[in-house]
Amino acid sequence: MKKRNILTSPFAIIIFIILVVYTITLIVPFGWTFLTSLKARLEYISSPFGLPKKWLFKNYLDVFKALSVTIQGTREAYLPELFLNGFLYAFISATIMVFTNCVVGYVVAKYKCLVGKIIYSIVVINMILPVVGTLPSELQIMRALGFYDNMMGIYLMKICFGGTNFLIFYAMFKSISWSYAEAAFVDGASNFSVFTRIMLPMALPTFFALVLLQFITFWNDWQASLIYFPSYPTAAYALYTFQFPGAGNKTTGVPYIMAACILVALPIIIIFLTFKKKIVGTATLGGLKG
């Protein structure tokens, strides 16, 4: 009876209505995007919110052929290469960044020392204080070190820590009993063995989910290709430039742009549907522990 009363309480009803409205605001724009992508240009102008009179799935084929980026005026990079560049950038960068946060979060959480307190304070302060105006100096340093337009240099730049990922790992390792490590030390294990054989396996579900979330962030980051590695354009950057087609390009108009959006988002949709339980479950667990 108590459980039933809670579910039928005014507060629960209001929360349910808010969630339903929020879900609708997410689904309706995507549905409109899909329907618009199947229209002809003139049909969209005459009926932007109606159903397509003729479902033009060939719009996707046209966009697949037309979606490209000119690399420094020398050659064209088409969608397969753009997908490959985007995948390598997003996956490797996400793995490196999450692993760095995992290691630093473990050390700060489990080893009591002044350096750990300083690192934790720096992370919190960096999240509070806005950092602006650093891009020009960052680019100069990248050019001096040979990191600019160099994917290996970009990957080295991702060896950093901070933000939500660090706090999630910090809270997770804080909640793990140190008795596991003490038992391993008695058996002669080193600090490195304790981390790699005991602590890291416990963190793998969280590690995997955060890599997926970070992968999605990097996949959608069109500015990175524009600013840091113009010789390796990604699908997200191609989608950005697709909004400004050149003269004589027949694949112009809102339906083609919507089709391009869905094509670029398709890998993310597949990844999310495949691993949604891990993403949502770990994100909820991290919020509870934090």
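Residues numbered from 1 in each chain as written. Predicted model: local features only at pLDDT ≥ 70, side-chain atom pairs only at ≥ 80, totals over all residues. Heavy atoms only, no water.

## Side note on the overall build of the protein chain
Our working definition: Helix numbering and strand numbering both begin at the N terminus, where a helix is a DSSP run of H or I of at least 4 residues and a strand a DSSP run of E of at least 2. The globule rule is 2.2 Å times the number of residues to the power 0.38, and the radius of gyration it is compared with is taken over C-alpha atoms. Partly exposed residues are those whose accessible area sits between 20% and 50% of the maximum for their type, while under 20% is buried and over 50% is exposed, using a 1.4 Å probe and protein chains only. By definition, residues are in contact when any of their heavy atoms lie within 4.5 Å. Surface accessibility in these figures is a Shrake-Rupley result with a 1.4 Å probe; residues are shielded only by whichever protein chains are displayed. For the purpose of charge, His is not counted, nor are the chain termini; Lys and Arg are scored as positive and Asp and Glu as negative. Charge placement uses NZ in Lys and CZ in Arg. For Asp and Glu, CG and CD serve respectively.
Across its full length, the protein chain carries 14 helices and two strands. The globule rule puts the C-alpha radius of gyration for 290 residues at 19 Å, and the 24 Å found for the protein chain is more than 25% above it. Along the first, second and third principal axes, the C-alpha atoms of the protein chain reach 75 × 70 × 35 Å. Taken over 290 residues, the protein chain has a buried fraction of 35%. Restricting to contacts in the protein chain with at least 6 residues of sequence separation, those with at least 24 account for 68%. Element-wise, carbon and sulfur atoms account for 71% of the exposed surface of the protein chain, whose accessible area totals about 17500 Å². Of the charged side chains in the protein chain, 22 are positive and 9 negative; the average position of the first set lies 13 Å away from that of the second.

## A few points about unusual backbone geometry
Non-glycine residue D149 carries a positive phi angle of around 55 degrees. By relative accessible area, D149 is classed as buried at 19%.

## What about the side chain of D149?
The condition is simple: Salt bridge, as used here, is a side-chain nitrogen of Lys or Arg placed within 4 Å of a carboxyl oxygen of Asp or Glu.
Along the polypeptide, D149 turns up in the loop between α7 (135-145) and α8 (151-157). No salt bridge is formed by the buried D149; the nearest opposite charge belongs to R143, separated by 8.1 Å. Residues contacting D149, with those up to four places away along its chain left out, are Q72, Y228, F229, P230, S231 and Y232.

## With respect to a nonpolar patch on the surface
Cut-off, in case you're wondering: A patch consists of residues exposed above 30% relative accessible area that lack any salt bridge, with like charges linked at up to 9 Å and nonpolar side chains (Val, Leu, Ile, Met, Phe, Trp, Tyr) linked at up to 5 Å.
A grouping of I13, F16, I17, V20, V21, I24 and V28 is seen on the molecular surface, where their side chains present a nonpolar patch of about 620 Å² in accessible area. Here V21 is to be found in helix α2 (residues 10-37).

## Digging into the packing of aromatic side chains
In plain terms, the rule: Here is the rule: rings of Phe, Tyr and Trp (six-membered ring for Trp) pair when centre to centre is within 6.5 Å. Planes less than 30 degrees apart are stacked, more than 60 are edge-to-face, and the remainder are tilted.
Tallied over the full model, the rule gives 21 aromatic pairs. Ring geometry for W32 versus Y44: centroids 6.3 Å apart, planes at 65 degrees, classification edge-to-face. Placement of the pair is W32 in helix α2 and Y44 in helix α3 (residues 41-46), with a sequence separation of 12 residues. Judged by relative accessible area, W32 falls into the partly exposed class, the value being 28%. The exposure class of Y44 is buried, given its relative accessible area of 18%. A centroid spacing of 6.0 Å and a plane angle of 25 degrees characterise the contact between F215 and W219, whose relative ring orientation is stacked. Residue F215 and its partner W219 are located together in helix α11 (residues 191-219), separated by four residues, close to a single helical turn. An identical accessibility class is assigned to F215 and W219; each is buried.

## As for the nonpolar core
Put simply, the test is: Throughout, nonpolar core names a set of buried Ala, Val, Leu, Ile, Met, Phe, Trp, Tyr and Cys residues whose side chains join them through atoms within 4.5 Å.
Core analysis: the biggest nonpolar cluster contains 63 residues, and V63, L67, F169, F173 and M199 have the highest contact counts within it. A total of 14 residues in this core trace back to one element, the largest contributor, which is α11. For V63, the contacting residues outside a window of four places in its chain are F242, Y256, A259, A260 and L263.

## Focus: the packing of helix α5 (residues 79-110) against α11
Put simply, the rule is: Angles here are taken between N-to-C directions and fall from 0 to 180 degrees, while the axes themselves are lines fitted to C-alpha atoms, restricted in helices to the stretch in contact. Angle categories are assigned with fixed cut-offs, so that under 35 degrees is roughly parallel, over 145 is roughly antiparallel, 65 to 115 is roughly perpendicular, and the rest are oblique. Working rule for handedness: look at the near helix, and if it is turned counterclockwise from the far one by less than a right angle, call the crossing left-handed; if clockwise, right-handed. Polar here means any residue outside two lists: the nonpolar Ala, Val, Leu, Ile, Met, Phe, Trp, Tyr, Cys and Pro, and the charged Asp, Glu, Lys and Arg; Gly therefore counts as polar.
At their nearest, the axes of α5 and α11 sit 8 Å apart, and the two run at 140 degrees to each other. The angle between α5 and α11 places the two elements in the oblique class. The interaxial crossing formed by α5 with α11 has right-handed handedness. When grouped by side-chain class, the residues that make up the contact of α5 with α11 number 22 nonpolar, four polar and no charged.

## Here we look at the environment of M97
Looking at where M97 falls in the secondary structure, it is placed in helix α5. Placed 68 residues apart in sequence, M97 and N165 show a C-alpha to C-alpha distance of 8.9 Å. Sequence-distant contacts of M97, defined by excluding residues within four places in its chain, comprise K158, C160, Q214 and F218.

## Describing the confidence of the model for the protein chain
Condition: A residue's pLDDT is the predictor's confidence in that residue, given on a scale from 0 to 100.
Across the protein chain, pLDDT averages 86, with 91% of residues at or above 70. Helix α1 (residues 2-7) is the least confidently modelled element of the protein chain, averaging 54 in pLDDT, while α5 averages 94, the highest of any element. Under a pLDDT of 50 for its full length, residues 283-290 has, in the predicted model, four contacts with residues more than four places off or in other chains.

## Examining the pattern of salt bridges
Close approach of charged atoms allows side chains of opposite charge to pair. Tallied over the entire structure, the rule returns two salt bridges. Linking K58 and D62 is a salt bridge whose minimum nitrogen-to-oxygen distance equals 3.4 Å. Here the residue K58 and the residue D62 both occupy positions in helix α4 (residues 58-66), the gap between them amounting to four residues, near one helical turn. Under the relative-accessibility criterion, K58 is labelled partly exposed at 47%. For E81, the salt bridge identified is with R75, shortest N-O distance 2.8 Å. With relative accessibility at 42%, the residue R75 sits in the partly exposed group.

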